[in-house]
Amino acid sequence: MSEKTLPDRLYASLPSDDPRFTELRQVIAAVIQPGKGSPAARMLGEWALLGYLLTTGKLAGDRFSVGASFPADLPDPEAVLSMTQQVEAAAQAWDFE
C-alpha cells in the first residue's frame, strides 16, 4: 500500500458562530493580504503545529503558561488590532481600496 501524501495547502474551518474562534478570526482578518505574500496561511500552520506539539506532549506546556513573559520589543496585540481597525475605518470613510 502506498503512503498518502498531503497537499501543500490544507483548508481549515473557523466558524463565525463559535466564540472560541472570535479572536483568531480578528487576528487573521487583520493580517490577511491578497496573493501568495499573505502571512495568514503560514500563521495558521505554525499555530496548528504548536497546538499539535503541546497536545501530544512533544513540547512542554509549562514554559508557555499564561503568565509567560514576552520580549519587551513586541507591540501589544490589542493596540495593533485597534490601530488596524482604525486604519480600515479611515480607508472606508475615504473610499480607499
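See the structure shown above.
Residues numbered from 1 in each chain as written. Predicted model: local features only at pLDDT ≥ 70, side-chain atom pairs only at ≥ 80, totals over all residues. Heavy atoms only, no water.

Caption draft 1: The overall build of the protein, seen in detail. From N to C terminus, the protein includes three helices and zero strands. Scanning the protein from its N terminus toward the C terminus, one meets helices and strands in the order α-α-α. When burial is assessed residue by residue, the protein has 10% of its 97 residues classed as buried. The long-range fraction of contacts in the protein, counting pairs at least 24 apart against all pairs at least 6 apart in sequence, stands at 16%. Total accessible area on the protein is roughly 8,900 Å²; 59% of this is exposed by carbon and sulfur atoms. (Helix = DSSP H or I, 4+ residues; strand = E, 2+ residues; numbered from the N terminus. Buried < 20%, exposed > 50% of the residue type's maximum accessible area, 1.4 Å probe, protein only. Contact = heavy atoms within 4.5 Å. Areas by Shrake-Rupley, 256 points an atom, 1.4 Å probe, with all protein chains shown as cover.)

Caption draft 2: Expanded view of the pattern of salt bridges. Within the structure shown, the criterion is met by two salt bridges. For aspartate 18, the salt bridge goes to arginine 20, with nearest N and O atoms at 2.7 Å. Judged by its relative accessible area of 67%, arginine 20 is exposed. Here arginine 42 and glutamate 46 are joined by a salt bridge, their closest N and O atoms 3.2 Å apart. In this pair, arginine 42 and glutamate 46 are both assigned in helix 2 (residues 40-56), four residues apart and thus about one turn of the helix distant. Given the relative accessible area of 48%, arginine 42 is considered partly exposed. (Salt bridge = Lys/Arg side-chain N within 4 Å of Asp/Glu carboxyl O.)

Caption draft 3: Region of interest: the environment of alanine 40. With respect to the helices and strands, alanine 40 occurs in helix 2. Sequence separation of alanine 40 and isoleucine 28 is twelve residues, and the distance between their C-alpha atoms is 5.9 Å.

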